[in-house]
Amino acid sequence: MEPAQPADRVPADRTPPDGQPPADVPTGPGGEPAATDPTPPPAPKPGKSERSPKDMAISLLVLLVPIALLLAFYRGFLGGDQATTVDPAPAIEQARSANTFPVSQPQGLGSDWSTVSARYQTVEGGANLRLGYLTPEGRGVQLLQSSVPAERLLPAELTGQGQPQGPTELAGRTWQLYTARGNQQALVLLEPTRTVIVIGDARDNELRELAGSLR
């Protein structure tokens, strides 16, 4: 039987002799410490997409076909290309009830004329009745009847670019032709109690048709 070890025995010193690696460190073939590389391995490069241009074109076509069908339905069945029309009668009746100025309205315009806006309102110096139209050629024209003094109304509506171009006779009334902002032109009727302006980017014949239809 081996003799009992003393309780205060110091564990054996595991420190290797000079020149030798620690016992727990892996060593190479020659006894030297094995080298360790802290650099992580490079991430794998993503592979190239296997989708061909033909596949991409087919995918795009699949997306575009439903959009085209919805657009065709919107235009063909819901009237997407048609202007929203309004009934001008309430605004005209409101202006007549106010009795601020004599009110005229177009008579005899074809069905290809569309009323797209109508509003009567009081403003500083008077009141305005504005009726907006879409002409047969698809251009915008506004009919304005106002009790605001002409010296204030014309610069506000025609801007500083508005210049008189001479008189013209329409349905027994003498109108003044004016240039206006941008490519617009205007026909102006000056009366003691109101001023009438027909203005827009429509052709001259359409402006004259609207102005001559007022009754």
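Residues numbered from 1 in each chain as written. Predicted model: local features only at pLDDT ≥ 70, side-chain atom pairs only at ≥ 80, totals over all residues. Heavy atoms only, no water.

**A few points about the overall build of the chain**
- The helix and strand inventory of the chain stands at four helices and seven strands.
- Sorting the 215 residues of the chain into buried and exposed places 27% on the buried side.
- Considering only contacts within the chain whose residues lie at least 6 apart along the sequence, 45% involve residues at least 24 apart.
- Put simply, the chain shows about 14,800 Å² of open surface, and 56% of that area lies on carbon and sulfur atoms. (Helix = DSSP H or I, 4+ residues; strand = E, 2+ residues; numbered from the N terminus. Buried < 20%, exposed > 50% of the residue type's maximum accessible area, 1.4 Å probe, protein only. Contact = heavy atoms within 4.5 Å. Areas by Shrake-Rupley, 256 points an atom, 1.4 Å probe, with all protein chains shown as cover.)

**A look at helix H4 (residues 204–212)**
- If you check which residues of H4 are buried, you get Glu206, Leu207, Leu210, Ala211 and Gly212.
- Looking at the buried positions of H4, the neighbouring elements they touch are strand S2 (126–134), strand S3 (140–146), strand S4 (164–170), strand S5 (173–179), strand S6 (185–190) and strand S7 (195–200).

**Side note on unusual backbone geometry**
- The backbone phi angle of Thr159 is positive, close to 65°, even though this residue is not glycine.
- Structurally, Thr159 can be placed in the loop between helix H3 (150–158) and S4.
- Overall, the relative accessible area of 24% leaves Thr159 in the partly exposed class.
- Here the phi dihedral of Ala171 falls at roughly 50°; this positive angle occurs in a residue that is not glycine.
- With respect to the helices and strands, the residue Ala171 is situated in the loop between S4 and S5.

**Focus on the pattern of salt bridges**
- Tallied over the entire structure, the rule returns five salt bridges.
- Salt-bridge contacts for Arg203 lead to Glu137; the nearest nitrogen and oxygen are separated by 2.8 Å. Of the two residues, Arg203 is situated in the loop between S7 and H4 and Glu137 in the loop between S2 and S3; the sequence distance between them amounts to 66 residues.
- Arg208 is the salt-bridge partner of Asp204, the closest N and O atoms lying 2.6 Å from each other. Linking Asp204 with Arg208, this pair stays in helix H4, spanning four residues, or about one helical turn. (Salt bridge = Lys/Arg side-chain N within 4 Å of Asp/Glu carboxyl O.)

**Regarding the packing of aromatic side chains**
- Applying the stated criterion across every chain yields a total of one aromatic pair.
- Ring centres of Trp113 and Tyr133 lie 6.4 Å apart, and the angle between their planes is 75°; this geometry places the pair in the edge-to-face category. With Trp113 in the loop between helix H2 (89–98) and strand S1 (114–123) and Tyr133 in strand S2, the pair connects residues that are 20 residues apart, well separated along the chain. Accessibility classification places Trp113 together with Tyr133 in one group, the buried group. (Phe/Tyr/Trp six-rings, centres within 6.5 Å; stacked < 30°, edge-to-face > 60°.)

**As for the sheet that holds S5**
- Taken in spatial order, the seven strands of this open sheet run S1-S2-S3-S7-S6-S5-S4, and their pairing is antiparallel. Each edge of the open sheet carries a strand with a single partner, namely S1 and S4. Ignoring which end each strand starts from, the neighbouring axes of this sheet average 20° apart.
- Sheet topology places S6 next to S7; six bridges connect them, and they run antiparallel. Residue pairing in the sheet places Val188 in a bridge with Ile197 of S7. (Pairing = 2+ DSSP bridges. Axes fitted to C-alpha atoms, helices over the stretch in contact; angles between N-to-C directions.)

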